[in-house]
Amino acid sequence: YYVFVVAMVALAAGFVRGSLGTMVLAFAFIVVPEITLGLVASAEAWLPGHLSGALAGLSAGTSGAGEYLRASVVTLVAIAVALVVSIRLLDRREV
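As the structure is a prediction and not an experimental result, all values here were calculated from the model. (Residues numbered from 1 in each chain as written. Predicted model: local features only at pLDDT ≥ 70, side-chain atom pairs only at ≥ 80, totals over all residues. Heavy atoms only, no water.)

A. Summary view of the overall build of the protein chain. Helix and strand counts for the protein chain come out as four helices and zero strands. The N-to-C order of helical and strand elements in the protein chain reads α-α-α-α. By its C-alpha atoms, the protein chain is 50 × 20 × 20 Å across when sized along the principal axes. Scored against the burial criterion, the 95 residues of the protein chain give a buried share of 27%. Carbon and sulfur atoms make up 72% of the accessible area of the protein chain, which totals about 6300 Å². Taking the 5 positively charged and 5 negatively charged side chains of the protein chain as two groups, their mean positions are separated by 10 Å. (Helix = DSSP H or I, 4+ residues; strand = E, 2+ residues; numbered from the N terminus. Buried < 20%, exposed > 50% of the residue type's maximum accessible area, 1.4 Å probe, protein only. Areas by Shrake-Rupley, 256 points an atom, 1.4 Å probe, with all protein chains shown as cover. Lys, Arg positive; Asp, Glu negative; His and termini not counted. Charge placed at Lys NZ, Arg CZ, Asp CG, Glu CD.)

Shown next, in the form of structure tokens:
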């Protein structure tokens, strides 16, 4: 999940130049989908935020690894897309 957050920050940095804008946009990229799609009960297991509680659930034995498979796949795809797009956006930027 932390790699997902870093990928979202990199994507936000590709769109805006300042650090405050990057922080606000990255916050929006991470939180807004969790809030809007999290309202749908069936979509909650697919969201990357579902992985934030995985370590506690797995170590306590209250959940199995299969419960986090859907969120893991979605998160890996989102990381790959965010990194590719951010590399292309940042490559165009002049230093």
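B. Representation of the packing of helix H1 (residues 2–15) against helix H4 (residues 69–92). Across the interface, H1 lies against H4 with an axial gap of 8 Å and an inter-helix angle of 30°. The angle between H1 and H4 falls in the class roughly parallel. The crossing of H1 and H4 is left-handed. Packed against H1, whose contacting residues are Val3, Phe4, Ala7, Met8, Ala10, Leu11, Ala13, Gly14 and Phe15, the element H4 presents Thr75, Ala78, Ile79, Ala82, Leu83, Val85, Ser86, Leu89 and Leu90 at the interface. A breakdown of the residues in the contact of H1 with H4 according to their chemical character gives 15 nonpolar, three polar and no charged. (Axes fitted to C-alpha atoms, helices over the stretch in contact; angles between N-to-C directions. Parallel < 35°, antiparallel > 145°, perpendicular 65-115°, else oblique. Left-handed = near helix turned anticlockwise from the far one by under 90°. Contact = heavy atoms within 4.5 Å. Nonpolar A, V, L, I, M, F, W, Y, C, P; charged D, E, K, R; others polar.)

C. Up close: the environment of Val81. Here Val81 shows up in helix H4. Val81 sits in the partly exposed class, given a relative accessible area of 48%.

D. Quick peek at the nonpolar core. Phe4, Ala7, Met8, Leu11, Ile30, Ile79, Ala82 and Leu89 form the largest nonpolar core, which has eight residues in total. If you list the elements that add at least two residues to this core, you get H1 and H4. Top element by residues in this core is H1. It accounts for four residues. Discounting chain neighbours no more than four positions away, the residues touching Ile79 are Val3, Phe4 and Ala7. (Core = buried A, V, L, I, M, F, W, Y, C linked by side-chain atoms within 4.5 Å.)

E. A look at the environment of Ala78. Here Ala78 shows up in helix H4. In this structure Ala78 comes out as partly exposed when scored by relative accessible area, which is 22%. Among residues more than four places away in sequence, those in contact with Ala78 are Phe4 and Met8.

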